Amino acid sequence: MWRYVVPLIVFATMSGFFVVGLQRNPNYIPSALIGKPIPQFSLPSLTDPSATVSTETLQGQVALVNVWGTWCIECRHEHAFLVELARAGLPIYGLNAKDDRGAALDWLAALGNPYVSSGFDPEGVAIIDWGVTAAPETFLVGRDGTILHKHISPMTPQVWQRDFLPLIKEQCGASGCTFLAAVGGQ
Amino acid sequence: MTPRRQRMMLIGLVLVGVVVSATLALRAFQENLVYFFSPTQVAGGEAPERAFRLGGMVVEKSVQREPGSLTVHFVLTDFANTVPVSYTGLLPDLFREGQGIVAIGQLQGETFVADEVLAKHDENYMPPEVAEAVAKARGAETQ
Amino acid sequence: MIPELGQFALALALCLALIQATLPLLGAARGRADWMALARPAAAGQFVFVAIAFGVLEYGFLTDDFSIEFVALHSNSALPAFYKFTAAWGGHEGSMLFWIAILAIWTMAVAAFSRSQPDEFVSRVLGVLGIVSAGIIAFALLTSNPFVRLTPAAFDGNDLNPLLQDPGMIFHPPMLYLGYVGMSVPFAFAVAALLTGRLDKNWAKWTRPWTVAAWVFLTIGITLGSWWAYYELGWGGWWFWDPVENSSFMPWLMATALLHSLAVTERRGIFKSWTVLLAIGAFSLSLLGTFLTRSGVIISVHAFASDPTRGLFILAILGLICGGALLLYAMRARYLEAEGGFKLVSREAFLMANNILFVIATGAVLWGTLNPLIIDALGLGKISVGVPWFNIMFLLPMLPLATLLGVGMHTAWKQMAAEPLLHRLRWPAAIAVVAGIALPLAIFGTTSVLTAVAVTIGIWVCASAALDPVRKLISRTGGPLTRAQLGMCLAHFGVGVFILGATVASAYNLEFDTSARPGDRIQAGGYEFVFRGLRTANGANFVADEGEFELRKGDDLIAVLTPQKRVYRVQQTPMTEAAINTNLARDIFVALGEPLGDNAWSLRIQVKPLIGFLWLGSALMALGGLLAVTDRRYRLIRQEQAATNAAAQQTIGAA
């Protein structure tokens, strides 16, 4: 009579392992550049070709650098959240990679522009220096001009809370940041 | 021989057969378990003599082909340590610099000689085992 | 507007599936004919709305509607039309909708072809199918909605993964899905039997054709996948014991055991609870496969992108459906037992050995596939199980099985004397042993013990399977073989052919990497390869370097081979398109590697003898199954039943 219960027990045991197995998959991939200074780059601005977005632009502030393109479908998922963060006062700079200027400008006009400015990188040369392999990717840069964190795949409120906020609070610490409260810092 | 004895003998034979098969199976299993090591572990001398899997990111600008031969050299990293790898043969299509790959082979001296190089076929370009090794290496570094 | 219609249709399908899942089962338990009568209409309604949903998705693909995120991710305006159609199952969300559609088709088939069965039983079967449908549709709507919109729409799509832009991809997933989703039918029959508390030969008679039909599709699907990997991935391998492959293979092994076990239950009314367990197991392994490939819990070069939330949901469904069925089994199976003896030399004994060996093989593959997960979950490290282990553990039960197969086919039910049996098989045995050792030596010059044994067994199976048809042909006594018997002989013959193909292709495979410049001549395996040169080729959505090779044997030009190294424009990913020259005796394979500088290119050349037997053997297996399913006795039963029903009507009318 007990032999009929055996299959159920085997199944239950297997399921137990599966549940554990599912919890054990970290999906974040650190970058070689974490802790290192921002790479040297200089790109024309997307909106105003006479202006530049470069290493100098990012110095001395806590900011996000977001890699995007109109061809990047996944980027849509994070765009609204980025616009929200930008509205709260967080500086976000874009790296528009492998894109068409006209299409990119239309995109921003239609979906909203969260970027202080976007560097236009149609050949994808700057993103190689940033170690970018896919989009969307978002970097957190610190006051001292080093890269504090990199996130691949769309930015979500959960990722923001878990990975970015603690680092931002550290950076903003003593001098405080104007946007900190608005983005959930206090 | 009585039927009872026949049956006992049959059961006995079956049991012996099962034990022998199980032992052989387990031994074969052990021999064919391929363990995964990260560049940090290899640098730390943890890697075994026999074949194992080495995973990491292909370091940018590290891929070099021996002129006139099918041998290619590149460097794998988990952002804490690196291992030079050499492979003779055709590389998979998805192999490129900056990509996470897994190589299967043996350590010969300082170089990992790969028999097989695997790259993953979907939008996640780093095998989870490599990602975890990298995360561990990062954790060790910050401590 | 239209994509929302698709989502709405799917939601309606869910409602109908929930009705189908609950009322008929309750109705059967309480004897309420009106509730039971809801089963077929609910199934039909669900089918209609699922078809609408799938149609909407395909419409989105075919009209380049890049406002649908899934279309934007997997299609492109330059993509050829039939790939736009097949792109619907080229990603997770679409393939789940496809899964649902296939399940709806099977449900409709069961609803349509079960008129002669008692209502109580049919409503239970459809009810169980409804539970499965409801679970999977809920999963799709909640975690994997293919109709998610992009506003504003994307300008163009990301293009379909180049690996999937291939004729084999049109048929492989549909066949595979028809197969392992089809396993839900015997599963539903088994659960219905447990719920009813009764299981007789009639049950087996009805479950068997559904099982064989699903098995045929699964066989074709796995073969197509293997064949596709062989020529598309460019490296000449055809089976890698990869977790995704194993996920479709394990249901196949269980299904094969099941259809043999059903034969015993149909004939002798024994092995009842065992058959039920196999039916539950086969579908559980199908669902397990779905879980493994989509949850990210198993590391594989073939897996879909992983997502732990989805994984948990599928696991929950798996738990509910399989756990529920196994719980029912634990409680009710003991009431299904029956008496019936058989001797050592009898067909039942051989079929029992068949089942035991299949279960051992399945267990070994399952163990090897899950072990990395278990070790990781226990925190003991990251491992993978090497291919040699799978090969050993699979061959160990399978070679004896193939040997027994040859004998079991000719053994009578209940009991048979050993001498007449052995006497009957003397010619096949003799041919096998002699040819098995002589042929490899004669053709290839060398052999190993394992190769000789395997070739002998392969020839043995072929000869034994051909014995009855050949004897009938020669002596012309007795009636013709029924389709079922002919199907069995053909399928088993296919097994033998497959064994020969697998053995010879593995043992005598010639493969090497080399480099060549235009003008070079390479000698291999008795052939000469002349590298004529390189040029650029253009496809609809790719650009390629194309090499031109002359394949020569002696002075004869056999073929001109043109392997390509493609780069698909949108995704910028490189793809090797190997050139293959095929005939039944061997395949010749040339694949381009990369430019080595100085006008030289790296190449892989392979000569693979008898690899065609793999596909031929599998095709014969599938054909044999198809013959068996269309046996006269199923039509006869329906006619009988219809006559009985008509007579019953008349009696009622007269009264």
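Note that the structure is a prediction, hence the values are computed from the model and not measured.

A. The arrangement of the pattern of salt bridges in detail. Residue and element names in this part refer to chain C. Enumeration according to the criterion identifies 20 salt bridges over all chains in this entry. A salt bridge links D598 to R517; the nearest nitrogen and oxygen atoms lie 2.9 Å apart. Within this pair, whereas D598 is found in the loop between β10 (586-597) and β11 (600-609), its partner R517 is found in the loop between β2 (510-516) and β3 (521-524), the two being separated by 81 residues in sequence. Here the salt bridges share partners, and the residues they tie into one network are E511, D513 and R604.

B. Here's a closer look at the domain arrangement of chain C. Residues and elements named next belong to chain C. You can read the domains of chain C as domain 1 (1-165), domain 2 (167-401), domain 3 (402-506 + 616-623) and domain 4 (510-609). On the domain 3 side, the residues contacting the 28 residues of domain 2 number 23 residues. Between domain 2 and domain 3, roughly 2100 Å² of surface is buried when both sides are summed, and carbon and sulfur atoms account for 68% of that area. Taken as a group, R347, F350 and L399 account for 33% of the area that domain 2 buries against domain 3, more than any other trio of residues on that side. One can count 0 salt bridges joining domain 2 with domain 3. Where domain 2 meets domain 3, there are 15 residue pairs in polar contact (both at pLDDT 80 or more). Broken down by secondary-structure element, the contributors of at least two residues to the side of domain 2 that touches domain 3 are α10 (201-232), α11 (243-268), α14 (347-377) and α15 (387-408). Split by residue class, the side of domain 2 that touches domain 3 holds 18 nonpolar, 5 polar and 5 charged.

C. Local environment of the packing of aromatic side chains. Residues and elements named next belong to chain C. In total, this model carries 42 aromatic pairs over all chains according to the counting rule given. Taking the centre distance of 6.0 Å and the plane angle of 85° together, the rings of F85 and W89 count as edge-to-face. When its relative accessible area of 36% is taken as the criterion, F85 is described as partly exposed. Residue classification places W89 among the buried positions, given a relative accessible area of 7%.

D. Representation of α14(C). All names here are of chain C. Taking 1.5 Å as the rise per residue, α14 with 31 residues should run 45 Å; its terminal C-alpha atoms sit 44 Å apart, in good agreement. At L370, α14 shows its largest kink, close to 40°, and the proline P372 lies no more than four residues downstream. α14 sits mainly inside the fold: 23 of its 31 residues count as buried. Once α14 finishes, G379 follows within two positions and takes phi at roughly 75°, a positive value.

E. Region of interest: the sheet that holds strand β6 (residues 137-141) of chain A. Residues and elements named next belong to chain A. Read across the open sheet, the 5 strands follow the order β5-β4-β3-β6-β7; overall the sheet is mixed. Lying at the two open borders of the sheet, with one neighbouring strand each, are β5 (117-121) and β7 (147-152). The sheet shows a mean angle of 20° between the axes of neighbouring strands, taken without regard to direction. Note that β6 and β7 share 5 bridges and pair antiparallel. Within the sheet, the bridge partner assigned to V141 lies in β7 and is I147.

Reading guide: rules and limits
- Residues numbered from 1 in each chain as written.
- Chains lettered and ligands numbered in written order.
- Predicted model: local features only at pLDDT ≥ 70, side-chain atom pairs only at ≥ 80, totals over all residues.
- Heavy atoms only, no water.
- Salt bridge = Lys/Arg side-chain N within 4 Å of Asp/Glu carboxyl O.
- Helix = DSSP H or I, 4+ residues; strand = E, 2+ residues; numbered from the N terminus.
- Domains from an automatic or database assignment.
- Contact = heavy atoms within 4.5 Å.
- Buried area = accessible area lost by both parts, 1.4 Å probe.
- Polar contact = N/O pair within 3.5 Å; in protein donor to acceptor, adjacent residues only side chain to side chain.
- Nonpolar A, V, L, I, M, F, W, Y, C, P; charged D, E, K, R; others polar.
- Phe/Tyr/Trp six-rings, centres within 6.5 Å; stacked < 30°, edge-to-face > 60°.
- Buried < 20%, exposed > 50% of the residue type's maximum accessible area, 1.4 Å probe, protein only.
- Expected span 1.5 Å × (residues − 1).
- Bend = angle between axes of the 7 residues up to and from the residue.
- Pairing = 2+ DSSP bridges.
- Axes fitted to C-alpha atoms, helices over the stretch in contact; angles between N-to-C directions.

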